[in-house]
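Inside the fold
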Amino acid sequence: ESPYTPGISVIAPAFNEEKTIIDNVNSMLALEYPLFEVVIVNDGSTDSTLENMTEYYELVEVPYAYIERIKTRPFRRLLKSSNPKYSRLIVVDKENGGTKADASNAGINVASHPYFICTDVDCILEKYALYRCISPIISSEKQVIAVSGTMLMANGCVVKDGQIIDVRTPRTPIPLFQNLEYMRSYLIGKMGWSAINGMPNVSGGFGLFDRSVAIAAGGYDAPSFAEDMDMLIRMVGYCCDFGRKYRVVQIPANCCWTEVPPTLKVLYRQSVRWGHGLIQTFVRHRRFLFNWKYRQLGMVTLPYVLIFECLAPVIEFFGLLTFLYQALTGVVNWKTAVVIFLGLYAFCISLSLVVLFYDYSLGGSFRKVKSYLWIIGAAILEPFLYHPLIVVFSIKGYCNFLLNKKAVWGE
């Protein structure tokens, strides 16, 4: 209830979302926070996305002096509701830019509050997510330029009228493995990076940013297919270039449910795109790598990501080929090999169990213990079924970039 609570703009690009757009927008408008707006960017949809919103929310075009602080594909018009009930809603209509980054930049240009959250229109935000994200900003002595909130899978959950009414683990293999992967990433990986102020990225699915720093850093790189990592590198680089103290924070509280690829085909497309985007980011921001000027980013974060995320799939792939060759030629010490394998496998399982225990101690993402048993089952099988696929898909993304093949978002 404080009059000093900072305002937040929730920005969500939308492209051909006619089937779910109304439930999605209603979900965002139902957030609990004293001062916020919802900015939906219609990114040149070719279906009835804009028409459905216009009819349901009684939208009318309003005169607006659009200032292009960040360059985007052409802006067409701005619409607001004639119904006071939807006074928080703003709809931007623009030409399609081909990437989420371009649409997000248009939303940043229109946003009127000092902080903005970038999310996907099909994400379901937790009711108190804005409070959770603004808390570290107003309690920190240093300027917090970005906050990353934990995300969970919407796959498997019961959703009604754009709200999660029953949180459940996915029952199909591909989303279940991703659920485990997300929990490890947020509750161990990013919490560790946050502790040393070395966050590698703030997820494109849900993240809060300081709008002034984002604009000064040039916003999202429109052609980028790893826009979440690219944006944070730009913002941290800007702060370091001008000697400004900064913090990037990960919070363990769940803020968002997102739909992950439900099939192998969609997972393949997403992973290949991420692999393409990772190489693309290192090529574009190579000046940051091993550069003392950029503090933790240049000396710790990017070298780690280069070795353990970017090069790791290549090392694993050729390591496996080498092992198979040695096994066929009879030079493997099988007793030692089995001991090494069991040690690595035990470490992987232990890491997953620590994540699940940590999640449970925070209040639990899931109401039923049975849900955690499903994730434990995924942890046991993941090294054999899921991880090898991600290795192959990532390498395919690298090859696509090197061969200059065009990456696509897909439907």
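Residues numbered from 1 in each chain as written. Predicted model: local features only at pLDDT ≥ 70, side-chain atom pairs only at ≥ 80, totals over all residues. Heavy atoms only, no water.

1. A word on the packing of helix H5 (residues 173-195) against helix H11 (residues 334-361)
- Relative to each other, H5 and H11 sit at 80°, their axes nearing to 10 Å. By the angle between their axes, H5 is roughly perpendicular relative to H11. Residues Leu180, Met183, Arg184, Leu187, Ile188 and Met191 of H5 touch H11, and the partners they reach there are Leu351, Ser352, Val354, Val355, Leu356, Tyr358 and Asp359.
- When the residues that make up the contact of H5 with H11 are grouped by side-chain class, the tally is 10 nonpolar, 1 polar and 2 charged. (Axes fitted to C-alpha atoms, helices over the stretch in contact; angles between N-to-C directions. Helix = DSSP H or I, 4+ residues; strand = E, 2+ residues; numbered from the N terminus. Parallel < 35°, antiparallel > 145°, perpendicular 65-115°, else oblique. Contact = heavy atoms within 4.5 Å. Nonpolar A, V, L, I, M, F, W, Y, C, P; charged D, E, K, R; others polar.)

2. Thoughts on the pairing of strand S5 (residues 89-94)
- When you tally the buried positions in S5, you get 6 out of 6 residues, the bulk of the element.
- Burial along S5 is two-sided: the face carrying Leu89, Val91 and Asp93 and the face carrying Ile90, Val92 and Lys94 are both buried.
- Bridging between strand S4 (residues 75-81) and S5 involves 5 bridges; their strand directions are antiparallel. Each bridged residue has a counterpart across the sheet, and for Phe75 the counterpart in S5 is Lys94. (Buried < 20%, exposed > 50% of the residue type's maximum accessible area, 1.4 Å probe, protein only. Pairing = 2+ DSSP bridges.)

3. Examining the environment of Pro252
- Residue placement: Pro252 occurs in strand S12 (residues 247-258).
- Separated by 101 residues in sequence, Pro252 and Met151 have C-alpha atoms that sit 9.2 Å apart.
- Residues contacting Pro252, with those up to four places away along its chain left out, are Thr150, Leu187, Met191, Tyr358 and Leu362.

4. Quick word on helix H1 (residues 21-29)
- Along H1, 7 of the 9 residues are buried, which leaves the element largely enclosed by surrounding structure.
- Those residues of H1 lying buried are Ile21, Ile22, Asn24, Val25, Ser27, Met28 and Leu29.

5. Focus: the pattern of salt bridges
- This structure, assessed with the given rule, holds 14 salt bridges.
- Arg77 is paired through a salt bridge with Asp93; the nearest N and O atoms lie 3.3 Å apart. Of this pair, Arg77 sits in strand S4 while Asp93 sits in strand S5, and the two are 16 residues apart along the sequence.
- Here Arg77 falls in the partly exposed class, since its relative accessible area comes to 29%.
- For Asp93, a relative accessible area of 3% gives the class buried.
- In this structure, Asp166 and Arg168 form a salt bridge, with 2.7 Å as the shortest nitrogen-oxygen distance.
- Since its relative accessible area comes to 18%, Asp166 is described here as buried.
- Assessed through its relative accessible area of 37%, Arg168 is described here as partly exposed.
- Residues joined by salt bridges that share partners form a network here, namely Asp221, Asp230, Arg234 and Arg284. (Salt bridge = Lys/Arg side-chain N within 4 Å of Asp/Glu carboxyl O.)

6. Brief notes about the nonpolar core
- The biggest cluster of nonpolar side chains holds 48 residues, and the ones touching the most others in it are Phe116, Ile145, Phe209 and Val248.
- Considering every element that reaches this core, the biggest residue donor is helix H7 (residues 227-241), with 9 residues.
- Beyond its immediate stretch of four places on either side in the chain, Phe116 contacts Ile8, Ser9, Ile11, Ile108, Gly207, Leu208, Phe209, Asp210, Arg211, Ala214, Tyr220 and Met231.
- Counting 45 residues, the second largest nonpolar core, distinct from the first, contains Val10, Leu50, Tyr115 and Tyr182. (Core = buried A, V, L, I, M, F, W, Y, C linked by side-chain atoms within 4.5 Å.)

7. Some points on the packing of aromatic side chains
- In this structure the tally under the stated criterion is 23 aromatic pairs.
- Here Tyr128 and Tyr131 contribute two aromatic rings whose centre-to-centre distance is 6.5 Å and whose plane-to-plane angle is 35°, an arrangement assigned as tilted.
- The class of Tyr131 is partly exposed, set by a relative accessible area of 38%.
- Taking the centre distance of 5.4 Å and the plane angle of 25° together, the rings of Phe177 and Tyr386 count as stacked. Separated by 209 residues along the polypeptide, Phe177 in helix H5 and Tyr386 in the loop between helix H12 (369-385) and helix H13 (387-402) bring together distant segments of the chain. There is no split in this pair, since Phe177 and Tyr386 are both buried. (Phe/Tyr/Trp six-rings, centres within 6.5 Å; stacked < 30°, edge-to-face > 60°.)

8. Points about empty space enclosed by the protein
- As enumerated under the stated definition, the model contains 1 cavity of 30 Å³ or more in all.
- Taken as a whole, the largest cavity encloses approximately 50 Å³ of empty space.
- Contributing to the lining of the largest cavity are Asn197, Gly198, Met199, Val236, Tyr246, Val248, Leu297 and Thr301.
- Classifying every residue of the lining of the largest cavity gives 5 nonpolar, 3 polar and no charged. (1 Å grid on protein atoms, 1.4 Å probe; cavity = no way out; pocket = protein on both sides within 12 Å on 5 of 7 lines; lining within 4 Å. Points joined across faces, edges and corners; volume = space filled by probe spheres on them.)

9. Some details on the state of the cysteines
- Scanning the entire structure with this criterion turns up 0 disulfides.
- Between Cys310, a cysteine without a disulfide, and Cys399, which holds the nearest cysteine sulfur, the sulfur-to-sulfur distance is 12 Å.
- Overall, the relative accessible area of 35% leaves Cys399 in the partly exposed class. (Disulfide = S-S within 2.5 Å.)

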